[in-house]
Amino acid sequence: VQLQASGGGLVEAGGSLRLSCAASGRAFSSYAMGWFRQAPGKEREFVASISRSGDNTYFADFVKGRFTISRDNAKNTVYLQMNSLKPEDTCVYYCAAGRTGWLRFLKEQYEYEYWGQGTQVTVSS
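None of the values given here were measured: they were computed from a predicted structure.

Enquirer: I keep staring at the nonpolar core and nothing clicks. Help me out?
Expert: Note that soluble globular proteins tend to have their nonpolar side chains buried in a common cluster. Core analysis: the biggest nonpolar cluster contains 36 residues, and M33, W35, L80, M82 and Y93 have the highest contact counts within it. Elements represented by at least two residues in this core include exactly β1 (2–6), β3 (17–24), β4 (31–38), β5 (45–50), β7 (67–72), β8 (77–82), β9 (91–99) and β11 (119–124). Not counting residues up to four positions away in its chain, the partners in contact with M33 are L3, C21, F28, A48, S49, I50, I69, R71, V78, A96, A97 and Y112.

Okay, structure coming up:
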């Protein structure tokens, strides 16, 4: 599976962005999908995950109520809608895919097999 993230950019604090991650190859619905992010000089951290079915999601505390994750299995794409953005959300955002059960989401980096190249999000104050 190859993953291509897009949708990053520069936005003012309080604004919104929607990231997309398109998957190539077969069996997109075989994978739970996740978003991670990494700021300069910091470790990569978990942001959100969605189950294969799309019914179950999980978010890091620092994005709860501001970000949503969704997927379209027919389009082989997962989305991260980011609202009420803050300067501290400035990071490179990565999408990832990992095999698991139909209703499970994945929270740990080691659970993900495939990673996209990242897309830069910059939030100005």
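Enquirer: Sorry if this is basic, but what is going on with the packing of aromatic side chains here?
Expert: The relation between two aromatic rings is expressed through the spacing of the ring centres and the mutual angle of the planes. As enumerated under the stated definition, the model contains seven aromatic pairs in all. Aromatic pair F36 and W115: ring centres 4.9 Å apart, planes at 55°, arrangement tilted. With a gap of 79 residues between them, F36 in strand β4 and W115 in strand β10 (residues 114–115) connect regions that are remote in the sequence. Linked through ring pairs, F36, F46, Y58, F105, Y112 and W115 together constitute an aromatic cluster. R44 extends its terminal NZ or CZ atom over the ring of Y94, reaching a point 5.3 Å from the ring centre. Sitting over the face of the ring of W115, R44 holds its NZ or CZ atom 3.8 Å from the ring centroid.

About the thresholds
Residues numbered from 1 in each chain as written. Predicted model: local features only at pLDDT ≥ 70, side-chain atom pairs only at ≥ 80, totals over all residues. Heavy atoms only, no water. Core = buried A, V, L, I, M, F, W, Y, C linked by side-chain atoms within 4.5 Å. Buried < 20%, exposed > 50% of the residue type's maximum accessible area, 1.4 Å probe, protein only. Helix = DSSP H or I, 4+ residues; strand = E, 2+ residues; numbered from the N terminus. Contact = heavy atoms within 4.5 Å. Phe/Tyr/Trp six-rings, centres within 6.5 Å; stacked < 30°, edge-to-face > 60°. Lys NZ or Arg CZ within 6 Å of the ring centre and 35° of its normal.

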